[in-house]
Amino acid sequence: MARTSRSVPAPAPAGEPTHTTPLKRVPAIFYRTEAGNEPVRGWLKGLDRDDRRRIGESIKLVEFGWPIGMPTCRPMREGLHEVRTDLPSNRIARVLFYIDKRQRMVLLHAFIKKSRTTPMEDLELAKANKRKHERGVP
């Protein structure tokens, strides 16, 4: 019976930490339009630094903890999910995404929630972006 050799990492030198960086379960990517725009990235750039940081931390929780539930993430319909982030001044940010065939978290649409329910136009826009991405628009 033939043996296959495997590369085994060398042990850490004495006194050095032996931890490894955890891998993202679903790396986040920005949906890109046919014109090359990335709507969620553009939206994030329009927010102040602290809001961007908070939303980024919520996205990061999903990337490393998928599947993850409330209060950070909630399934919507038709394969969509939302990342939920509470912001100062009683504002609530939502980033709508789906998990594609390559196990990536595709960030489709984002907004500051102003009503109790997710506005239908925001949901429809996310669904349209999802369909375009699934058809192969980068």
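Residues numbered from 1 in each chain as written. Predicted model: local features only at pLDDT ≥ 70, side-chain atom pairs only at ≥ 80, totals over all residues. Heavy atoms only, no water.

Thoughts on the packing of aromatic side chains
Here the structure, examined in full by the defined rule, presents one aromatic pair. Arranged with centres 5.9 Å apart and planes meeting at 75 degrees, the rings of Trp-66 and Phe-97 form a pair that is edge-to-face. Remark: Phe-97 occurs in strand 4 (residues 91-99) and Trp-66 occurs in the loop between helix 2 (49-65) and strand 2 (73-75); sequence separation between them is 31 residues. By relative accessible area, which is 0% here, Phe-97 ends up buried. (Phe/Tyr/Trp six-rings, centres within 6.5 Å; stacked < 30°, edge-to-face > 60°. Helix = DSSP H or I, 4+ residues; strand = E, 2+ residues; numbered from the N terminus. Buried < 20%, exposed > 50% of the residue type's maximum accessible area, 1.4 Å probe, protein only.)

Observations concerning the pattern of salt bridges
Summed over all chains, the structure comprises 13 salt bridges. Asp-50 is the salt-bridge partner of Arg-53, the closest N and O atoms lying 3.0 Å from each other. Here Asp-50 and Arg-53 lie together in helix 2, a separation of three residues that amounts to about one turn. Given the relative accessible area of 30%, Asp-50 is considered partly exposed. Glu-134 is the salt-bridge partner of Lys-130, the closest N and O atoms lying 3.2 Å from each other. With Lys-130 and Glu-134 both in helix 3 (residues 120-134) and four residues apart, the pair spans about one turn of that helix. (Salt bridge = Lys/Arg side-chain N within 4 Å of Asp/Glu carboxyl O.)

Brief notes about the side chain of Asp-100
With respect to the secondary-structure elements, Asp-100 resides in the loop between strand 4 and strand 5 (105-113). One polar contact links the side chain of Asp-100 to the main-chain amide nitrogen of Arg-102, over a distance of 3.0 Å. Not counting chain neighbours up to four residues away, the residues in contact with Asp-100 comprise Val-106 and His-133. (Polar contact = N/O pair within 3.5 Å; in protein donor to acceptor, adjacent residues only side chain to side chain. Contact = heavy atoms within 4.5 Å.)

Notes on helix 3
Over its 15 residues, helix 3 extends 21 Å from the first C-alpha to the last, a length consistent with the 21 Å expected when each residue adds 1.5 Å. Taken together, the buried positions of helix 3 are occupied by Asp-122, Leu-123, Ala-126, Lys-127, Asn-129, Lys-130 and His-133. Burial along helix 3 is one-sided: seen end-on, the buried residues are contained in an arc of 160 degrees. Lining the buried residues of helix 3 we find strand 1 (28-30), strand 4 and strand 5. Note on helix 3: the residue one or two positions beyond its end, Gly-136, has a positive phi of about 110 degrees. (Expected span 1.5 Å × (residues − 1). Arc of directions from axis to C-beta.)

Considerations on the environment of Pro-71
With respect to the element layout, Pro-71 can be found in the loop between helix 2 and strand 2. Using a relative accessible area of 63% as the deciding quantity, one classes Pro-71 as exposed. Taking the C-alpha atoms as reference points, Pro-71 and Thr-85, separated by 14 residues in sequence, lie 8.6 Å from one another.

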